[in-house]
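Structural description and commentary
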Amino acid sequence: MVSAHANNEGSQESASITPGGTYTIQTVSVGCKIYIRRPTPDGEEERLAEILSIRDKPVNSYTSASAQRTNARGGVKEEEEDALDKPEDKWEYFVHWEQFNKRLDEWVTGSRLILSRDLEWPRPKLPPGKKAGPGSLQKAPGKAPRSQSLLKKATSNAAAAASPTSASTPGRSAFPSPSPAPSLKRKLTDDEEEEEEEEEEMEGDDVDAEGEMDVDGEGDTFELNVNGAQVETPPHVSSFSKEQEIEKLRTSGSMTQSISEIARVKNLNRLQIGKHEVEAWYFSPYPKEYAHLPVLYICEFCLAYFPSPMMLSRHRQRCTLFHPPGNEIYRHQDISVFELDGKRQLSWCRNLSLLSKCFLDHKTLYYDVTPFMYYVMCQRDSTGCHIIGYFSKEKESAENYNVACILTLPQHQRHGFGKLLIEFSYELSKKEGKLGSPEKPLSDLGLLGYRAYWAEVIVELLINTTDELSIDDIAQKTSITHADIMNTCTTLQLFKHYKGQHIICLSEAVLEKHEKVRNKRRRRIYADNLIWKPPVFTRDQLRFY
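Residues numbered from 1 in each chain as written. Predicted model: local features only at pLDDT ≥ 70, side-chain atom pairs only at ≥ 80, totals over all residues. Heavy atoms only, no water.

**Topic: the packing of helix α10 (residues 444–464) against helix α12 (residues 482–492)**
As a reminder, the rule being used: Axes here refer to lines fitted to C-alpha atoms; in helices the fit is confined to the stretch in contact. Angles between the N-to-C directions go from 0 to 180 degrees. Each helix is a run of DSSP H or I of at least 4 residues and each strand a run of E of at least 2, with the numbering of both proceeding from the N terminus. Between 65 and 115 degrees an angle is taken as roughly perpendicular, under 35 as roughly parallel, over 145 as roughly antiparallel, and anywhere else as oblique. Contacts: residue pairs with any heavy atoms within 4.5 Å of one another. Each residue gets one of three labels, nonpolar for Ala, Val, Leu, Ile, Met, Phe, Trp, Tyr, Cys and Pro, charged for Asp, Glu, Lys and Arg, and polar for the others, Gly among them.
Interaxial distance between α10 and α12 falls to 10 Å at its minimum, and their mutual angle equals 85 degrees. With respect to their mutual orientation, α10 and α12 come out roughly perpendicular. Residues W454, A455, I458 and V459 of α10 touch α12, and the partners they reach there are D484, I485, T488, C489 and L492. Looking at the contact of α10 with α12 residue by residue, the classes come out as seven nonpolar, one polar and one charged.

Written out as structure tokens, the structure reads:
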């Protein structure tokens, strides 16, 4: 292997390059950047991508059995088909496309790698005792690196999960399902508690107070780079390797693991929900038996998951659900909204969380859904109520959040349903007589949706009101918090300084844009069709075990 290494010490920190044609596919490892063929509407392009994970081409029992039946009918021998496969297709590579959104990360076969172009190696780790450059972040003395702390958590959680007390009980369902892990937490010493608190402060808003999953929004997310500096394993845990532990946690099906390094690798390819087939965007902790299937089949009414269409069709003959198992609190035209209690509809809400995590990334997914209420929007037709999206809400929120997680399924996006869900959440806040705000941080799509809704509502209120309005007046009329109103007005540049005080002034550009949005929007929430009273919970009902 020929590598172009720099001679001076300062350039050793930069990535080294191996010229194209001087390496083989076996040389490519995790952390490398290489050009890969990517299909486009116009044909094909060569784009730089980072290798995040490598695996042998998976052979699934369900797909292999159907392939054998197909070969038997068509008279094609399996050995002949294997001979036609390219040797490099024995491996698959999970890649992140340079300058592309993370949701486009995917598994590619080895034959798509372009070995004739340069291979970029990851930056080498600093030798022991060497100081970082002036632009590098300095670690607090005496504290372990964050990657080491995360690995320590992963190892301790895996050890707890592997203990006899966490073994599954007899009499479980014939289909594998994620198992709760209430005993994964261990008691920490005083020093470890201090480290834990500091780590939580570093994470900031990355953790979802919902205890459930990701929101449809943006955020300051912390991601642990898999190509970062490797941590030496202490002697007392020498039997564990980092790769083994991460793979074990990533495929264990536990919904309590939230390490960024694990969540980076997507484990599902496509999902079929009713008549729609969609690509999964992110990792979701479905059981490992269902990982790497070409298609995971999901019942669109009860959200149960199956590895083959035959099993789904057999299930549909027995499934009696044709709408979410909750109370219908809103109906207008073909849109209905159902209210579900996570404590009463435990299985359905867990299935919803698993499905949602395929499209939500940056918040923590937990197994416990009991502290939340779920509001599921559906579109009705002659065959039943088909889920469009949903949002969840804490039963008791100390910060007065009116949304914990919100999602519109990909097949229903760009049809105005996201803004409809947001408007419905604020209608509930008006019924409660409270100001509400979504839980932070928001994802990129969530932030765009909320900003568009806030701008439309505030500008429309200012246009239709002849009297002077203060920030507090706007908040009381819309149930939007003062902070969200201030941020929206600042973004739209509505604040003007006039005669020693600040006033809200609508510019021609804002009015013109609002007129276009209002003419484009077709669906609205009508408060008269909402039949709902805010649920009241006793102290015992708010005690979750």
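**Let's talk about the sheet that holds strand β10 (residues 305–306)**
As a reminder of what qualifies: For two strands to count as paired, DSSP must find a minimum of two bridges between them.
A sheet is described by the order of its strands in space; here four strands give the open sequence β8-β7-β9-β10, paired in mixed fashion. Each edge of the sheet is formed by a strand with only one pairing partner; in this case those strands are β8 (276–279) and β10. Note that strand β7 (residues 270–273) and strand β9 (residues 295–298) share four bridges and pair parallel. Within β9, the residue paired with R270 across the bridge is V295.

**Description of the pairing of strand β18 (residues 495–498)**
By the bridge criterion, four bridges tie β18 to strand β19 (residues 501–504) in an arrangement that is antiparallel. Bridged to H497 within β19 is H502. Here β18 folds back onto β19 in antiparallel fashion, the turn holding two residues, of which K499 has a positive phi close to 50 degrees.

**Describing the side chain of T481**
Keep this limit in mind: A simple rule labels every residue: compare its accessible area, found with a 1.4 Å probe on the protein chains alone, to the largest value its type can have, and call it buried under 20%, exposed over 50%, or partly exposed in between.
Secondary-structure assignment places T481 in the loop between α11 (471–478) and α12. For T481, a relative accessible area of 17% puts it in the buried group. In this view, T481 contacts L435, G436 and S437; residues no more than four positions away in its chain are not counted.

**Details of unusual backbone geometry**
Look at L303: it is not a glycine, yet its phi comes out positive at around 65 degrees. Its location among the elements puts L303 in the loop between β9 and β10. Residue L303 is classed as buried on the basis of its relative accessible area, which comes to 1%. Even without a glycine there, the phi angle at Q493 is positive, about 60 degrees. Tracing the backbone through its elements, the reader meets Q493 in the loop between α12 and β18.

**Focus: the pattern of salt bridges**
Selection rule: Put simply, a salt bridge is a Lys or Arg side-chain nitrogen that is within 4 Å of an Asp or Glu carboxyl oxygen.
Under the definition given, this model contains 14 salt bridges. Across the pair R270 and E277 runs a salt bridge, and its minimum N-O distance is 2.7 Å. Each of R38, E45 and R47 takes part in a single network of salt bridges with overlapping partners.

**A look at the sheet that holds strand β13 (residues 372–381)**
What the five strands build is an open sheet, ordered β11-β12-β13-β14-β16; its pairing is antiparallel. The outermost strands of the open sheet, each flanked by one partner alone, are β11 (327–332) and β16 (405–408). Each neighbouring strand pair of the sheet contributes to a mean axis angle of 20 degrees, computed without reference to strand direction. The pairing of β11 with strand β12 (residues 335–341) spans five bridges and is antiparallel. Note on β12: the bridge partner recorded for R331 is S336. Against the sheet, helix α8 (residues 346–357) contacts β12, β13, β14 (384–394) and β16, and its axis sits at roughly 80 degrees relative to β13.

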